[in-house]
2 protein chains.
Amino acid sequence: MIIDCHGHYTTAPKALEAWRTDQLAAFEAGTPLPDPDALAIDDDALRASVEGSQLRLQRERGIDVTLFSPRASAMAHHLGDERVSAGWSRACNDLVARVCGLYPRNFVPVCQLPQSPGVPPERCIAELERCVDELGFVGCNLNPDPSGGHWREPPLTDRWWYPLYEAMQALQVPAMVHVSSSCNACFHATGAHYLNADTTAFMQFLASDLFRDFPGLRFIIPHGGGAVPYHWGRYRGLAQDMNRPPLGELLLGNVFFDTCVYHQPGIDLLCKVIPPANVLFASEMVGAVRGIDPETGFHYDDTRRYIDACTALGDAGRAQVYHGNALRVFPRLGARLRAAGHAV
Amino acid sequence: MIIDCHGHYTTAPKALEAWRTDQLAAFEAGTPLPDPDALAIDDDALRASVEGSQLRLQRERGIDVTLFSPRASAMAHHLGDERVSAGWSRACNDLVARVCGLYPRNFVPVCQLPQSPGVPPERCIAELERCVDELGFVGCNLNPDPSGGHWREPPLTDRWWYPLYEAMQALQVPAMVHVSSSCNACFHATGAHYLNADTTAFMQFLASDLFRDFPGLRFIIPHGGGAVPYHWGRYRGLAQDMNRPPLGELLLGNVFFDTCVYHQPGIDLLCKVIPPANVLFASEMVGAVRGIDPETGFHYDDTRRYIDACTALGDAGRAQVYHGNALRVFPRLGARLRAAGHAV
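Now for a look at the structure at hand.

## Concerning the relation of the copies chain A and chain B
Taken as rigid bodies, chain A and chain B are interconverted by a rotation of 180° and an axial shift of 0.0 Å, the fit giving an RMSD of 0.0 Å. What we have between these two chains is a two-fold relation. Within chain A, the C-alpha atom positioned nearest to the axis of rotation is that of Ala227(A), 2.1 Å from it. Interface overlap between copies is the fraction of interface residues in one copy that are interface residues in the other; for chain A against chain B it reaches 98%, indicating a shared surface.

See the structure below:
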């Protein structure tokens, strides 16, 4: 079984974008914000939005299930205010829940959080609980920089975030650390801001005792962990110079990396350096890189090919990467898959 | 011959730090700033500051020459103002020039620029010209984020930077893209800010036509290029999706990566993915990571061992990495080495 732990609903019907445009216009104008429940998209439109893209690619690539969350670049927590973010998150999460309801064997929902710059993270708990308890979501995406490239929030290891972590731990849902679009001209979103955030979060975790306070808290660092596995020696050495425990002991019970690395040498390094128990299969299709690599003739983001070809992984390791780790890191996933008829 | 293109004067006598403390105190108090020429450190103190550290490690590791610049983390362009940065840069550059004068076979100087947040980069040209024309410097370190982690300057590809690039091109000196310490609590300096800046700068170059405007401009991206080689497939794919030329054609005549990657798998990936003509040997010793790797029994930053053991490099490629590329990317380096008695 192959579980892709990182997919976004990048192909949502245009009506969603139109609703968002209206919402932001209403915010600017100071008029009443539109109701998320008033977003009218029928099931046929939802089916059409994934049949020719994510579902087709799942079939072609032999991926059984995708953990499916709202489009990351569109979260844009820096726009509007707390109410705007709450309405937008609800609209996006509800739509993702519906897609997952239409295709329960193919998609399992992961939610966007209604973060807003300067707003305490505990204000996201109600939406997280709604998604998990009422709609069966199994995880969330946590934005370490709701400012969109200005990094004005405290580090993820600050007590500022603790109430949300308490809720995550109680609900047994992990978070993927995932920024959104960048409104800082220095940072290209998918070419810099995403990878920088991954690297930044890892170093924050390394320097802190967060997981002593939250032994059950789990984070997936996407995009292959940003720069981290490539610089694993640097991080081992920094931890050592800082008199921190070895990285395995310090972090690897709580921090995981996905496989969104779009060439064979990168995947080979990831699987050589990071223990197989800490790598979760992912492609982020249809996402940041959509073209076909002329060097291989296959899509850059067809990461299954790289994992299959990776000699650093034995059969047992590959099984961990493909499904074992996902079932462990997302404790609610197994029941959801069994309910959909999967044998796990 | 082995040229280390990335070394900082991290072991300067305490008198330098004391001068800086006085300078910042004077700035805060609004009293006259101390004179860089009043910094009294005799030659014996300079010798003592490198004999047991950089020089010893050069000998032990078989490194012939280090391109030597002021301590990157101490540049702290975000402190004080333009005058403060000018005085501090002059003090640091003069000291580096003296060390290089004492050991002309071992060290060749690279300068710090007197950048300051919001101050046009052309105001650095006078110090760059002084260093190159009067003191024989062969390159400079350019900070893409003088704010120290807030990223308030325009991208490196903005015309804001062009006057400095005209000077660099005219003087035939390349720049290493190198941030300084971080005053943003989100970013650990050597564990996040440095690598993020490397990744950020590369993506800025990818998205621009900077090198059409400056065909003779050259940048070294340190720390193995941040996240870039690990995500080389992502960058090839992003360029393709953006209808940019292939990366080789677009960037590799002007952008180079150093080898400050502190474990064998990282160096192996770098040398497999990036053409040997674009990789410059470097260790950044004595720098960010100072310990001994218990897995190898050698210093993490003893990068020569990784390059020697890297099977992706043939003899010709290794010669390029060790000295050929440095002599090409730093056009003024050859004459300086010949004057010091090296056969190049």
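Having seen the structure, we can now continue with the description.
## A word on the environment of Cys260(A)
As for its position among the elements, Cys260(A) is in the loop between strand S7 (255-258) and helix H10 (264-273). Owing to a relative accessible area of 0%, Cys260(A) belongs among the buried residues under this scheme. When residues no more than four places from it in sequence are discounted, the contact partners of Cys260(A) are His6(A), His223(A), Gly224(A), Ala282(A), Ser283(A), Glu284(A), His231(B) and Arg234(B).

## Observations concerning the packing of helix H8 (residues 232-241) of chain A against helix H7 (residues 189-206) of chain B
With their axes 11 Å apart at the nearest point, H8(A) and H7(B) run at an angle of 150° to one another. Here H8(A) lies roughly antiparallel to H7(B), going by the angle between them. Between H8(A), through Arg234(A), Tyr235(A) and Leu238(A), and H7(B), the contact on the second element is made entirely by Thr190(B), Gly191(B), Tyr194(B) and Leu195(B). Among the residues making up the contact of H8(A) with H7(B), the classes are represented as 4 nonpolar, 2 polar and 1 charged.

## A closer look at the interface of chain A and chain B
The interface of chain A with chain B comprises 56 residues on the first partner and 55 residues on the second. It is Cys186(A), Tyr230(A) and Arg234(A) that lose the most area in chain A upon contact with chain B, and together they represent 19% of the buried surface on that side. For the interface between chain A and chain B, the tally reads 4 salt bridges. Residue Arg236(B) is joined to Glu295(A) by a salt bridge in which the shortest nitrogen-to-oxygen separation is 3.5 Å. At the junction of chain A with chain B, the criterion picks out 28 residue pairs in polar contact (both at pLDDT 80 or more). Elements represented by at least two residues in the side of chain A that touches chain B include exactly helix H6 (189-206), H8 and H10 of chain A. Its residues placed into classes, the side of chain A that touches chain B shows 29 nonpolar, 19 polar and 8 charged.

## Thoughts on the packing of aromatic side chains
All names here are of chain A. Taken as a whole and assessed by the stated rule, the structure comprises 34 aromatic pairs over all chains. Considering the side-chain rings of Trp-232 and Phe-257, the 6.3 Å spacing of their centres and the 85° angle between planes classify their relative orientation as edge-to-face. Of this pair, Trp-232 sits in helix H8 while Phe-257 sits in strand S7, and the two are 25 residues apart along the sequence. Across this residue pair, the class does not change: Trp-232 and Phe-257 are buried.

Scoring rules and cut-offs
- Residues numbered from 1 in each chain as written.
- Chains lettered and ligands numbered in written order.
- Predicted model: local features only at pLDDT ≥ 70, side-chain atom pairs only at ≥ 80, totals over all residues.
- Heavy atoms only, no water.
- Least-squares fit on C-alpha atoms with pLDDT ≥ 70 in both.
- Contact = heavy atoms within 4.5 Å.
- Helix = DSSP H or I, 4+ residues; strand = E, 2+ residues; numbered from the N terminus.
- Buried < 20%, exposed > 50% of the residue type's maximum accessible area, 1.4 Å probe, protein only.
- Axes fitted to C-alpha atoms, helices over the stretch in contact; angles between N-to-C directions.
- Parallel < 35°, antiparallel > 145°, perpendicular 65-115°, else oblique.
- Nonpolar A, V, L, I, M, F, W, Y, C, P; charged D, E, K, R; others polar.
- Buried area = accessible area lost by both parts, 1.4 Å probe.
- Salt bridge = Lys/Arg side-chain N within 4 Å of Asp/Glu carboxyl O.
- Polar contact = N/O pair within 3.5 Å; in protein donor to acceptor, adjacent residues only side chain to side chain.
- Phe/Tyr/Trp six-rings, centres within 6.5 Å; stacked < 30°, edge-to-face > 60°.

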